[in-house]
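One letter stands for each residue in the lines below.
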Amino acid sequence: MGKIRIGIVGYGNIGRGVESAVKQNPDVELVAVFTRRSPESLKINTPAAKVVSFADAEKYVGDIDVMVLCGGSATDLPEQGPHFAKMFNTIDSFDTHAKIPEYFEKVNESALSAGKTGIISVGWDPGLFSIIRMLSGAVLPKGKDYTFWGKGVSQGHSDAIRRVKGVKNGVQYTVPFEKAIDSVRKGENPELSTGEKHWRECFVVADEGADKAAIEAEIKNMPNYFSDYETVVHFISEEELKKNHVKMPHGGFVFRSGSTGDEPENRHVIEFSLKLDSNPEFTASILLAYARAAFRMNKEGNKGAKTVFDVPISYLSPKSGSELRKSLL
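The sections below set out a description of the structure shown in this document. Residue numbering note: each chain is counted from 1, following its sequence as written. Where totals are concerned, whole chains, interfaces and linings use all residues; where local detail is concerned, this predicted model gives features only for residues with pLDDT of at least 70, and gives and counts side-chain atom pairs only at 80 or more. Excluding hydrogens and water, the side-chain values take into account all heavy atoms of the structure.

### Section: the environment of Phe104
The test is simple: Note on conventions: DSSP H or I runs of at least 4 residues are helices, E runs of at least 2 residues are strands, and numbering of each starts at the N terminus. Pairs of residues are marked as contacts when any of their non-hydrogen atoms sit within 4.5 Å.
Here Phe104 lies in helix H3 (residues 100-114). A C-alpha to C-alpha distance of 29 Å links Phe104 and Lys319, two positions 215 residues apart in sequence. Once you skip the residues sitting within four places of it in the chain, Phe104 turns out to touch Ile120, Ala305, Lys306 and Thr307.

### Looking at the packing of helix H2 (residues 77-84) against H3
Short version of the rule: Only the stretch in contact is used when a helix axis is fitted, and all axes are lines through C-alpha atoms; the angle between N-to-C directions ranges over 0 to 180 degrees. Roughly parallel covers angles under 35 degrees, roughly antiparallel covers those over 145, roughly perpendicular covers 65 to 115, and oblique covers all other angles. Any residue that is not Ala, Val, Leu, Ile, Met, Phe, Trp, Tyr, Cys, Pro, Asp, Glu, Lys or Arg is counted as polar, Gly included; the first ten are nonpolar and the last four charged.
Close contact between H2 and H3 brings their axes to 7 Å; oriented N to C, the two are set at 25°. Our classification of the angle between H2 and H3 gives roughly parallel. Contacts between H2 and H3 pair Leu77, Pro78, Gly81 and Pro82 from the former with Tyr103, Lys106, Val107 and Ser110 from the latter. Class assignment for the residues of the contact of H2 with H3 results in five nonpolar, two polar and one charged.

### What to know about the sheet that holds strand S10 (residues 198-206)
How we decide: If DSSP finds at least two bridges between two strands, the strands pair.
The sheet built from four strands is open, its strands ordered S8-S9-S10-S11 with mixed pairing. For this open sheet the edge positions go to strand S8 (152-153) and strand S11 (231-235), each flanked by a neighbour on one side alone. The sheet strands contacting helix H5 (residues 155-162) are S8, strand S9 (167-176) and S10, and the helix crosses S9 at an angle near 145°.

### Notes on the pattern of salt bridges
Working definition: two side chains of opposite charge can pair if their charged atoms are close together. The condition is simple: When a carboxyl oxygen of Asp or Glu lies within 4 Å of a side-chain nitrogen of Lys or Arg, that pair is called a salt bridge. The cut-offs for exposure are 20% and 50% of the maximum accessible area for each residue type, with area from a 1.4 Å probe on protein chains only; residues under the lower value are buried, those over the upper are exposed, and the others partly exposed.
Applying the stated rule across the entire model yields 14 salt bridges. With a closest N to O distance of 2.9 Å, Asp76 and Arg36 form a salt bridge. Here Asp76 is found in the loop between strand S4 (66-69) and H2, whereas its partner Arg36 is found in the loop between strand S2 (28-35) and strand S3 (50-53), with 40 residues between them in sequence. The class of Asp76 is buried, set by a relative accessible area of 16%. Between Glu271 and Arg185 there is a salt bridge, and its shortest N-O distance comes to 2.7 Å. Placement of the pair is Glu271 in strand S13 (residues 266-276) and Arg185 in helix H6 (residues 178-185), with a sequence separation of 86 residues. Using a relative accessible area of 35% as the deciding quantity, one classes Arg185 as partly exposed.

### Considerations on the packing of helix H1 (residues 13-22) against helix H10 (residues 279-299)
Inclusion rule: Each crossing gets its handedness from the near helix: less than a right angle anticlockwise from the far helix is left-handed, clockwise is right-handed.
The N-to-C vectors of H1 and H10 enclose an angle of 60°; their axes lie 8 Å apart at closest approach. For the element pair H1 / H10, the angle class is oblique. Classified by chirality, the crossing of H10 by H1 is right-handed. For the pair H1 and H10, the contacting residues are Asn13, Ile14, Gly17, Val18, Ala21 and Val22 in the first and Pro280, Glu281, Thr283, Ala284, Ser285, Leu287 and Leu288 in the second. Counted by class, the contact of H1 with H10 contains eight nonpolar, four polar and one charged residues.

### Quick notes on the sheet that holds strand S7 (residues 143-149)
In spatial order, the strands read S7-S12-S13; together these three strands make up an open sheet with antiparallel pairing. Either end of the sheet is taken by a strand with one partner, and the two such strands are S7 and S13. When the angles between neighbouring strand axes are averaged without regard to direction, this sheet yields 10°. Relative to strand S12 (residues 250-260), S7 runs antiparallel, the two sharing seven bridges.

### A few points about unusual backbone geometry
Following Asp125, the chain continues into Pro126 via a peptide bond in cis, with omega recorded as 5°. On the secondary structure map, Pro126 appears in the loop between strand S6 (117-119) and helix H4 (128-139). With an omega dihedral of -5°, the bond running from Glu263 to Pro264 counts as a cis peptide bond. Structurally, the position occupied by Pro264 is in the loop between S12 and S13. Residues other than glycine seldom take positive phi values, yet Ser121 does so here, at roughly 55°. Looking at the secondary structure, you find Ser121 in the loop between S6 and H4. Under the relative-accessibility criterion, Ser121 is labelled buried at 6%. If you check the backbone angles, Asn189 has positive phi at about 50° while not being a glycine.

### Brief notes about the layout of surface pockets
One way to see where empty space is left: roll a probe the size of a water molecule over the atoms. Under the convention used in this document: Both site types are read off a 1 Å grid over the protein atoms alone. A 1.4 Å probe that fits but cannot get out defines a cavity, while an open set with protein on both sides within 12 Å along at least five of seven lines defines a pocket; lining residues have an atom within 4 Å of a point. Grid points are joined across faces, edges and corners, and a volume is the space filled by probe spheres set on the points.
Reported here for the largest pocket is a volume of approximately 1,300 Å³. Along its surface, the largest pocket is lined by 39 residues, and Asp95, Ser154, Gln155, Gly156 and Asn279 are the ones closest to its centre. Residue contributions to the lining of the largest pocket peak at five residues, all from H5. Residue composition of the lining of the largest pocket, grouped by class: 13 nonpolar, 21 polar and five charged. When its volume is computed, the second largest pocket comes out at roughly 430 Å³. For the second largest pocket, the lining is made up of 21 residues, of which Leu128, Ile131, Tyr290, Ile313 and Leu316 are closest to its centre. Listed by contribution, the elements that provide at least two residues to the lining of the second largest pocket are H4 and H10. When residues of the lining of the second largest pocket are assigned to their parent elements, the largest contribution, seven residues, is made by H10. For the lining of the second largest pocket, the class distribution of residues is 17 nonpolar, three polar and one charged.

Here it is, written out as structure tokens:
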């Protein structure tokens, strides 16, 4: 069987991560990168692949098995997801949790009309963490879920601090409280508010002559971002920011703390954790694994929109069922 032919829509951090991941998976190949920029101006790292305008994507129907959509959830994917699902099998990382049901229906309508398979909201949260929450709840129906994010760079919060007057540049890290994690890990089932689970750490480069006290006050009192959290603001130089804060690390923990049996009950804690040097590259690797699954599911006639809950886990692996049973079961 030939390689699975991949297209990438968008060439930001995740798009570049997907391109890199393709090189580590010998059963896939990159056919083209689709961009809103002038194709001539975009240089990619795969000489054999083409750079193509969004407007010309339809010309590649039949030449691409799965299109990996690498745009943002705020404005890109709500349009791109249903649009590309009319032409290709698709994978995306839509992560606006409250809008996932609505987005699912739109992609489902497009994919069904075209006989395609579109797997939405793929990543580590939503995605891998979602699977762990579901699995843990099924195993321990009597219990509580806890999710912690970090320590890691929050792109949305970093953007928010960069918009503050007098801020030249900045990065924000979401950091879980160790005492909260320890309490959950011990099976104490604490009641934790949002602010008791995480705190915010900001590294800010201020404009020359800017009022640092005013910047700090505005950041700490920013509603929906920082006002409900303990927030620490550090003012640093541009050189230090570039030296120590250009990577995009992230990670987190999912716990299910529950019990089984009659009196006396037996306590159990399920824990799953990630520690990532590069959030975009790790997310991209998950997207590519699910691209393999979308291809297989579509070949079997399993069409329409799907989530990680609907995908047989063995379909993520390049190994056959017999190989998996022999080597991993």
